[in-house]
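# Observations on the three-dimensional arrangement
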Amino acid sequence: MTEADVIIVGAGPTGLMLAAELRLAGVRPLVLERQPQRRVTPKAGGLGGQILELLRYRGLLERFQAACTDPVPAPRFPFGGVHLDFTQLADPPMHALPLPQQLLEQLLDERAGELDVDLRRGHEVTEVSQDDAAVTVDVRGPDGPYRVIARYLVGCDGARSRVRDWADIGFPGTTYPEVNRLAQVTLPDTVTVLGNGGLDVPGFGTIHAGFTRTDHGLFGIGASPDSQVVSLYTIEDESTEYDDDTPMTVTELQDSLHRVLGVHLPVGEAIRLSRFTFKARQAERYRDGRILLAGDAAHLFPATGVAINAGMLDAVNLAWKLAADLHGWAPAGLLDTYHDERHLAGARTMLHTRAQVALRRGHDVAAEALREVFQELLADEQPLRRMGALVAGADIRYPMPGTDRHALAGTFAPDLILHTDQGMTSVAELMQTARPVFLDLSDRQDLRKTARDWQDRIDIHTAKTDQRPADALLIRPDAHIAWAATIDEPADTAAPALRQALAGWFGTP
């Protein structure tokens, strides 16, 4: 019988991120992945949204950026048949990193190896059971069956999660009949790439850059006369059920192009081929006893560019709470806040992705009018920024206890530039250890004295900053603010409130 602190089922981005975060917190995870090798089927084409900030706070973003071979695209993102165009903003609320999922998983795999994570590929979980004390897992490995016992198990095993089924957790929602195909290909000489990014196709004529709607679907193109590679995109309604893990072929792409355009569009070499379908589903609960769900096992969104962001943020939220329980200092109910907070975040993501469905699936003049009005609204900076924060997942404010909460409580901690006796640093640098941080910004000895009772669990720092948002901040390992003291808040209210927040999140000292 093998033992582990936490069993993670699935070695995709969510499972690998969770394993790394658990190791930073001093926990021994065991990752079980049924596939013998990392997947080569093209899926997501990059990272985007709030996870990029979190990776920066862990000191990993530069490594991920260095691995990108393609130039970082301009901050312009599709949204239900229109675009969120941040190119005129000096500080866009949404960023993306062109990092194919295969490369992303390689980088996360390397990070897991550096942290000595026990990762077993070709090991399939065949049965799961739990009681009040542990989870027992039967595994079929290359050398035969064996059994593992752990305090907790996390299902990061995707949309068809068997862990979710074993836990009998409902997964209600909608499956849309549309099939999306994305390809990066070369084109033969018979197809001309125009200077404005459009195409001149024999038998069809000019196809403008961007999206073209036909009677049979939507065709999209991204091309440059300076590049031999173009991006082609089709959306069409089909009743065929596809397994997204089954690779798409050039023939399948050409058949789809023909159905949508009504003419044969010849293509040359395929650089990337991927197909995906859209579902809007969210698990009824993210926890059943000692079994938890994260990533696609917990939620599926009917739009591109958000799933990995949401799943990896699930992992960061969950890891420190599991570690607190395993180390024996978690206050009552801490692990339940994983569902409370990340189900809320998933619902926000579901809101805007379902709105995208409504925008893109309409084909009549009323739908065209809706898209036109929506695009006009996005010409103004304030609604554009609001939509950007929504899509990025940066607008999440987790519910925090107490009636007199600071405006920052529950939000992602701003990356303040900090001046200390040891020199200059930042909030991002302080968060690289993935430990809770108490940050005194106004030399509040009364608050530092209170925080020192928890110094075995939190890092205590004193610093000054040019634009002080609060007298002090209590920052959780997932970089969200658990508590903040207002400017010049009296000690007789600030210290007891800090003590209550410390006990509520990090247990009794």
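First, a word on scope: everything that follows refers to the structure included in this document. What you see is a predicted model, and the numbers here were worked out from it, not measured in a lab.

## Side note on the overall build of the protein chain
Within the protein chain, the secondary structure is distributed over 13 helices and 27 strands. Rg of the C-alpha trace for the protein chain: 24 Å, near the compact-globule value of 23 Å for 509 residues, within the 12% margin. Within the span of the protein chain, comprising 509 residues, buried residues form 52% of the whole. Accessible surface for the protein chain amounts to roughly 22,400 Å². Of this, 49% is attributable to carbon and sulfur atoms. Counting 50 positive and 70 negative side-chain charges, the protein chain places the averaged centre of each group 4 Å from the other.

## Structural notes on the packing of aromatic side chains
In this structure the tally under the stated criterion is nine aromatic pairs. Ring geometry for Y286 versus Y338: centroids 5.9 Å apart, planes at 45°, classification tilted. Of this pair, Y286 sits in the loop between β18 (270-282) and β19 (287-288) while Y338 sits in helix α8 (residues 336-361), and the two are 52 residues apart along the sequence. Within the aromatic cluster, the residues linked to one another by ring pairs are W320, W329, W505 and F506. The side chain of R164 reaches across the aromatic face of F171, ending 3.7 Å from its centre. Over the aromatic face of W505 sits the side chain of R476, whose NZ or CZ is 4.7 Å from the ring centroid.

## Re the sheet that holds strand β13 (residues 199-201)
Ordered in space as β12-β13-β14, the three strands form an open sheet in which the pairing is antiparallel. Two strands lie at the open edges of the sheet, namely β12 (192-193) and β14 (205-207), each paired on one side alone. When β13 meets β14, the two strands line up antiparallel, connected through three bridges. The residue bridging L199 from the neighbouring strand is I207, located in β14.

## Notes on helix α13 (residues 491-506)
Along its 16 residues, α13 runs 21 Å from first to last C-alpha, staying within 8% of the 22 Å computed at 1.5 Å per residue. Taken together, the buried positions of α13 are occupied by A494, A495, L498, A501, L502, W505 and F506. Along the long axis of α13, the arc covered by the buried residues comes to 130°, so they all point the same way. Opposite the buried face of α13, at more than 90 degrees from it, the exposed residues are D492 and Q500.

## Overview of the nonpolar core
Across soluble globular proteins, nonpolar side chains show a tendency to be buried alongside one another. Membership of the largest hydrophobic core comes to 90 residues, with the highest contact counts inside it found for L47, F64 and L473. The element that contributes the greatest number of residues to this core is helix α7 (residues 307-327), accounting for 10 residues. Among all residues touching L47, those that are not within four sequence positions of it are L52, L55, F64, H95, A96, L97, L99, L104, I308 and M312. Grouped together as the second largest cluster of nonpolar side chains are 27 residues, F79, L84, A280 and M387 included.

## Some thoughts on the sheet that holds strand β11 (residues 173-186)
Strand order in the open sheet made by the six strands is β15-β16-β17-β11-β18-β21, with antiparallel pairing throughout. If you trace the sheet from one side to the other, it starts and ends with β15 (210-214) and β21 (299-300), each paired once. In terms of strand pairing, β11 meets strand β17 (residues 229-237) through nine bridges, oriented antiparallel. Each residue of the ladder has a partner; that of T186, found in β17, is V229. Against the sheet, α8 contacts β11, β15, β17, β18 and β21, and its axis sits at roughly 110° relative to β18.

## Some points on the pairing of strand β24 (residues 437-440)
Side chains V437 and L439 project from β24 onto one buried face, and the interleaved F438 and D440 project onto a second face that is buried too. In this structure, β24 lies alongside strand β25 (residues 459-462), joined through four bridges in parallel fashion. When the bridges of β25 are listed, F438 appears paired with I460. Crossover handedness for the path β24 to helix α12 (residues 445-451) to β25: right-handed.

## Notes on unusual backbone geometry
Positioned with a positive phi, D168 is a non-glycine residue whose angle comes to about 55°. Mapped onto the secondary structure, D168 falls in the loop between α5 (162-166) and β11. The exposure class of D168 is exposed, given its relative accessible area of 64%. Although it is not a glycine, A434 adopts a positive phi angle of roughly 60°. With respect to the helices and strands, the residue A434 is situated in the loop between α11 (427-430) and β24. Judged by its relative accessible area of 11%, A434 is buried.

Conventions adopted
- Residues numbered from 1 in each chain as written.
- Predicted model: local features only at pLDDT ≥ 70, side-chain atom pairs only at ≥ 80, totals over all residues.
- Heavy atoms only, no water.
- Helix = DSSP H or I, 4+ residues; strand = E, 2+ residues; numbered from the N terminus.
- Rg over C-alpha atoms; globule rule 2.2 N^0.38 Å.
- Buried < 20%, exposed > 50% of the residue type's maximum accessible area, 1.4 Å probe, protein only.
- Areas by Shrake-Rupley, 256 points an atom, 1.4 Å probe, with all protein chains shown as cover.
- Lys, Arg positive; Asp, Glu negative; His and termini not counted.
- Charge placed at Lys NZ, Arg CZ, Asp CG, Glu CD.
- Phe/Tyr/Trp six-rings, centres within 6.5 Å; stacked < 30°, edge-to-face > 60°.
- Lys NZ or Arg CZ within 6 Å of the ring centre and 35° of its normal.
- Pairing = 2+ DSSP bridges.
- Expected span 1.5 Å × (residues − 1).
- Arc of directions from axis to C-beta.
- Core = buried A, V, L, I, M, F, W, Y, C linked by side-chain atoms within 4.5 Å.
- Contact = heavy atoms within 4.5 Å.
- Axes fitted to C-alpha atoms, helices over the stretch in contact; angles between N-to-C directions.
- Right-handed = clockwise from strand over helix to strand, strands pointing away.

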